[in-house]
Amino acid sequence: MKTQDYYYWKAKKEGYRSRAAYKLLQINKKFGIIKKDYHILDLGSAPGGWSQVAVELGAKVVAVDLNPMKEINGVIFIRGDITSESIREKIREIKDKFDAVISDASPKITGNWDLDQFLSIELARHAFNIAKEFLKPGGNFVVKMFQGSEFEKAYREFRRYFKFKKLHSPPASRKRSAEIYFIGKGFNPKPKN
Ligand SMILES: C[S@@+](CC[C@H](N)C(=O)[O-])C[C@H]1O[C@@H](n2cnc3c(N)ncnc32)[C@H](O)[C@@H]1O
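Residues numbered from 1 in each chain as written. Predicted model: local features only at pLDDT ≥ 70, side-chain atom pairs only at ≥ 80, totals over all residues. Heavy atoms only, no water.

J.: Looking at this model, I keep getting lost on the site of the ligand. Mind explaining?
T.: Inspection of the region around the ligand gives 21 residues, with S18, G49, D65, D81 and D104 positioned closest. Taking S18, its side chain carries an N or O atom lying 2.8 Å from an oxygen atom of the ligand. Contacts to the ligand include L66, whose backbone N or O atom sits 3.4 Å from a nitrogen atom. Computed on the free molecule, the ligand has an accessible area of 610 Å², of which 86% lies beneath the protein chains in the complex. Looking at the shell around the ligand, its residues break down into eight nonpolar, nine polar and four charged. (Near = heavy atom within 4 Å. Polar contact = N/O pair within 3.5 Å; in protein donor to acceptor, adjacent residues only side chain to side chain. Areas by Shrake-Rupley, 256 points an atom, 1.4 Å probe, with all protein chains shown as cover. Nonpolar A, V, L, I, M, F, W, Y, C, P; charged D, E, K, R; others polar.)

Shown next as structure tokens:
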């Protein structure tokens, strides 16, 4: 069975809204991003698999997506665009600092590879800028990126801000997919140049 089918059926059976849930479970097992009582900001959250996982781990979640998301106990959902200025105000009204910011946001795939990877890195940069405002010092950051021409520059920028940094492809990611996750732990708001 292909990896994507395996996780698709597993998610159905285990009550997760997306097979993406397993990516976060695997990332968390390896890197310990989310812990009990943490406050988590989940960007690009719909349909809600990552939020479900965070709640199960004992965290409280604020989630943001362009698309609607069905209610989850322990999650405050904001429908909005992470690339807009106004989203910060809406997040701030709920909470101004988080222990971890996680982003699985991805653009609608057009099939034009250069464009898709460019848009994906743009989203990752927006997620990172939100993380810079909302992460507590020492906090954790996970963001999805597509590898391509814009990737290296963004990666070099993100890594400066974290004590521990790693690129990781969880087993639940499709084998031939270009997606990879940047994992940053120990946020430093003012890194040296
Ligand atoms: C792969 S899905 C996320 C799956 C989610 N992690 C889960 O486990 O259910 C990517 C999401 O990113 C969202 N997205 C894309 N661009 C966005 C933007 N500018 N602002 C907010 N959400 C966005 C999409 O609407 C989509 O729901």
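Read on, since the account is not over.
J.: Before we go on, may I ask you to explain the packing of aromatic side chains in this structure?
T.: Given two aromatic rings, one states the distance between the centres and the angle between the planes to describe the pair. Scanning the model with the defined rule gives 20 aromatic pairs in all. Seen from their ring centres, F98 and F134 are 6.3 Å apart, and the 65° between their planes marks the pair as edge-to-face. A residue pair is termed long-range when its members are at least 10 positions apart, and F98 in strand β4 (residues 98–103) and F134 in helix α5 (residues 113–134) qualify at 36 residues. Considered together, F98 and F134 belong to a single accessibility category, that of buried residues. The rings of F128, F141, F151, Y155, F158, Y161, F162, F182 and F187 are connected pair by pair, giving a single aromatic cluster. (Phe/Tyr/Trp six-rings, centres within 6.5 Å; stacked < 30°, edge-to-face > 60°. Helix = DSSP H or I, 4+ residues; strand = E, 2+ residues; numbered from the N terminus. Buried < 20%, exposed > 50% of the residue type's maximum accessible area, 1.4 Å probe, protein only.)

J.: Got a minute to help me understand the environment of P170 in this structure?
T.: Take P170: it is sitting in the loop between β6 (162–168) and β7 (179–187). As a C-alpha pair, P170 and Y38 span 132 residues in sequence and 22 Å in three-dimensional space. Sequence-distant contacts of P170, that is, excluding residues within four places in its chain, are made with K23, Q26, I27 and Y181. (Contact = heavy atoms within 4.5 Å.)

J.: Would you mind showing me how to read the pattern of salt bridges here?
T.: Any two side chains of opposite charge can pair, so long as their charged atoms come close to each other. For the coordinates displayed, the defined rule picks out 11 salt bridges. Across the pair K144 and E179 runs a salt bridge whose closest N-O atoms are separated by 3.5 Å. One end of the pair, K144, is in strand β5 (residues 135–146); the other, E179, is in strand β7, with 35 residues separating them in the sequence. A relative accessible area of 9% means that E179 is categorised as buried. Across the pair R160 and E157 runs a salt bridge, and its minimum N-O distance is 3.4 Å. A network of salt bridges, in which partner residues are shared, links K23, D104, K144 and E179. (Salt bridge = Lys/Arg side-chain N within 4 Å of Asp/Glu carboxyl O.)

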